[in-house]
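# Geometric and topological summary
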Amino acid sequence: MSGFVFGEKPIEIESGDGVTLYDNGGTEYLDFGASYACAPAGHCHPDVVSAVQEQAADLLFVQGSYPTPTRTALYDRLAELGPGDCSNVWLCNSGTEANEAALKFARHATGRENVVAAKRAFHGRTLGSLAATWKQQYRDGFAVPDHVEFVDYGDADALRDAVDDDTAAVLLEPIQGEGGVHAASDDYLQAAREACDETGAALVFDEIQTGLGRTGELWACERAGVEPDVLTVAKGLGSGLPIGATLCADWIADDSGDHGSTFSGGPVPCAAALATLDVIEDEELAANAAAVGEHLQAELADLPVRDVRGAGLLVGVEVKRGATRALRSLALEHGILALPAGRTVVRLLPPLTVDEVDADRVVDALEATL
Ligand SMILES: *Cc1c(COP(=O)(O)O)cnc(C)c1O
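Here the structure is a predicted model, which is why all the values come from computation and not from measurement. (Residues numbered from 1 in each chain as written. Predicted model: local features only at pLDDT ≥ 70, side-chain atom pairs only at ≥ 80, totals over all residues. Heavy atoms only, no water.)

Attention now moves to the nonpolar core. The biggest cluster of nonpolar side chains holds 79 residues, and the ones touching the most others in it are L300, V346 and L348. Ranked by residue count, the leading element in this core is helix 11 (residues 267-282), at 9 residues. Membership of the second largest hydrophobic core comes to 26 residues, among which are A109, A131, A132 and F150. (Core = buried A, V, L, I, M, F, W, Y, C linked by side-chain atoms within 4.5 Å. Buried < 20%, exposed > 50% of the residue type's maximum accessible area, 1.4 Å probe, protein only. Helix = DSSP H or I, 4+ residues; strand = E, 2+ residues; numbered from the N terminus.)

Below you can see the structure in the form of structure tokens.
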């Protein structure tokens, strides 16, 4: 296992403030990957830091059989924020666990086994989520269960054909992140909703990367006006503290079986999540993501690239000569950290606090790089 380094020059990060990270020599980096989308409110937002510090001083942890004020408040908050009927909350520690729970709950509630997912999908690395993850490299050698049928993302007919009375869940990202930044059309998500309604399968939206305001709405599915039966969220929820959530409709939650986790809803990650949700709301970060994202995409469209796509501050730039070269040059020559999404796509998903000046810096650097 190796760290994320650029050839011979590892970048060791020592501190962070807003969109900026600092290495041990004091060199600044603009974090346009938001550290895997885990810093929607920016690094070390003072409200999140103080919420964590205060909670840590009061109570680091207590077993989940005792309610705590922070967990109860987070349950209420997420229940209110969940789309449609998704007002039942299960808390866990990562994205893959949120999806794992979603699939378990859907299987239990439907009494069925099969899952329909999309080619290029990424849902996590534990066996259940991995079974719905497309990339062969992640699956090789792990004897991944084979109850998942993969369909072409965006092809509504193929999806309708695949979903039947044995389908427990249809699991989709409203915009595929790691798979190359591909957005589903509203019609496609609507077709998924209808196929689930007709067969009794659960529609599960994985909003681990698209959620929390990144695409300009709190949830990307709101853009399409389609409500899932289950929605999963993680990554930025705790500003980097490990927390994920599975938000379920009543019919799923009422028959979800026996599931649990020791760390579920621990006080410190819950405090971080509550503070993060407050910042996203108070600073109107979804609206900022929409505005700055639109500016960013418009500026990027003038560059000599194959394609610019995405929504809000989840943007994919398909480059001609490979993403690795571009990412290395961005980091080492321009002090900008971005992410790949496959071999040819540079993925930009900065903190939702960025402004147009930050966006222009990245566009100028990409232009120089290309
Ligand atoms: C990152 C990601 C996951 C997995 O989250 P982990 O916290 O790494 O387990 C699942 N789905 C999507 C869409 C993701 O982007």
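What follows concerns the domain arrangement of the protein chain. Each assigned domain of the protein chain is listed with its residue range as follows: domain 1 (13-44 + 284-369) and domain 2 (47-282). A C-alpha centroid distance of 25 Å is found between domain 1 and domain 2. Listed per partner, the contact involves 27 residues of domain 1 and 25 residues of domain 2. Among the residues of domain 1 in contact with domain 2, C38, A311 and L314 are the three that bury the most area, contributing 24% of the side total. Our count for the domain 1 to domain 2 interface comes out at 0 salt bridges. Connecting domain 1 to domain 2 are 12 residue pairs in polar contact (both at pLDDT 80 or more). Residue assignment for the side of domain 1 that touches domain 2 shows that the elements contributing at least two residues are helix 1 (34-37), helix 12 (285-300), strand 13 (307-311), strand 14 (314-318) and strand 17 (345-348). Here the side of domain 1 that touches domain 2 gets 4 residues from one element, more than from any other, and that element is helix 12. Of the residues that constitute the side of domain 1 that touches domain 2, the class distribution is 20 nonpolar, 4 polar and 3 charged. (Domains from an automatic or database assignment. Contact = heavy atoms within 4.5 Å. Buried area = accessible area lost by both parts, 1.4 Å probe. Salt bridge = Lys/Arg side-chain N within 4 Å of Asp/Glu carboxyl O. Polar contact = N/O pair within 3.5 Å; in protein donor to acceptor, adjacent residues only side chain to side chain. Nonpolar A, V, L, I, M, F, W, Y, C, P; charged D, E, K, R; others polar.)

Judged by side-chain polarity, L60, F61 and F263 come together as a nonpolar surface patch covering roughly 330 Å² of accessible area. As for its placement among the helices and strands, L60 is situated in the loop between helix 2 (46-58) and helix 3 (69-81). Note on L60: relative accessible area 59%, which makes it exposed. (Patch = residues over 30% accessible without salt bridge, like charges linked within 9 Å, V, L, I, M, F, W, Y side chains within 5 Å. Areas by Shrake-Rupley, 256 points an atom, 1.4 Å probe, with all protein chains shown as cover.)

Relative to the helices and strands, S264 is located in the loop between helix 10 (250-253) and helix 11. A residue is classified by how much of its surface remains accessible, and S264, at 9% relative accessible area, is buried. In this structure, S264 is in contact with R71, W90, L91 and N93, ignoring residues within four places of it in sequence.

Under the definition given, this model contains 4 aromatic pairs. Arranged with centres 5.6 Å apart and planes meeting at 75°, the rings of F122 and Y138 form a pair that is edge-to-face. Of this pair, F122 sits in the loop between strand 5 (114-118) and helix 5 (127-131) while Y138 sits in helix 6 (residues 136-139), and the two are 16 residues apart along the sequence. There is no split in this pair, since F122 and Y138 are both buried. Consider the rings of Y153 and Y188, whose centres lie 5.7 Å apart with planes at 70°: the pair is edge-to-face. Separated by 35 residues along the polypeptide, Y153 in the loop between strand 6 (148-151) and helix 7 (156-162) and Y188 in helix 8 (residues 186-199) bring together distant segments of the chain. Comparing Y153 with Y188 shows no difference in burial state: the two are buried. One cation-aromatic arrangement involves R125 over Y138; the distance from NZ or CZ to the ring centre is 3.8 Å. (Phe/Tyr/Trp six-rings, centres within 6.5 Å; stacked < 30°, edge-to-face > 60°. Lys NZ or Arg CZ within 6 Å of the ring centre and 35° of its normal.)

In this section: the pattern of salt bridges. Oppositely charged side chains may form a pair once their charged atoms are brought near each other. Going through the model one piece at a time under the given rule, you end up with 8 salt bridges. Across the pair R309 and D307 runs a salt bridge whose closest N-O atoms are separated by 2.9 Å. Since its relative accessible area comes to 15%, R309 is described here as buried. For D307, a relative accessible area of 31% translates into the label partly exposed. The network of salt bridges with common partners includes R77, D278 and E281.

Across the sheet, which stays open at both edges, the 7 strands sit in the order 4-12-11-10-7-5-6 with mixed pairing between neighbours. With partners counted over all chains shown, the strands left at the sheet margins are strand 4 (88-92) and strand 6, one partner each. Direction aside, neighbouring strands of the sheet carry axes that sit 20° apart on average. Where strand 11 (residues 230-233) lies against strand 12 (residues 244-248), 4 bridges are found, and the strand directions are antiparallel. (Pairing = 2+ DSSP bridges. Axes fitted to C-alpha atoms, helices over the stretch in contact; angles between N-to-C directions.)

Our focus in this paragraph is the sheet that holds strand 16 (residues 339-340). A sheet is described by the order of its strands in space; here 4 strands give the open sequence 13-14-17-16, paired in antiparallel fashion. The open sheet has two free edges, formed respectively by strand 13 and strand 16, since each of these has just one partner strand. Inspection of the sheet shows strand 14 paired to strand 17 by 4 bridges, in the antiparallel sense. When the bridges of strand 17 are listed, G316 appears paired with R347. Sheet strands touched by helix 12: strand 13, strand 14 and strand 17. Its angle to strand 13, the strand with the most contacts, is close to 170°.

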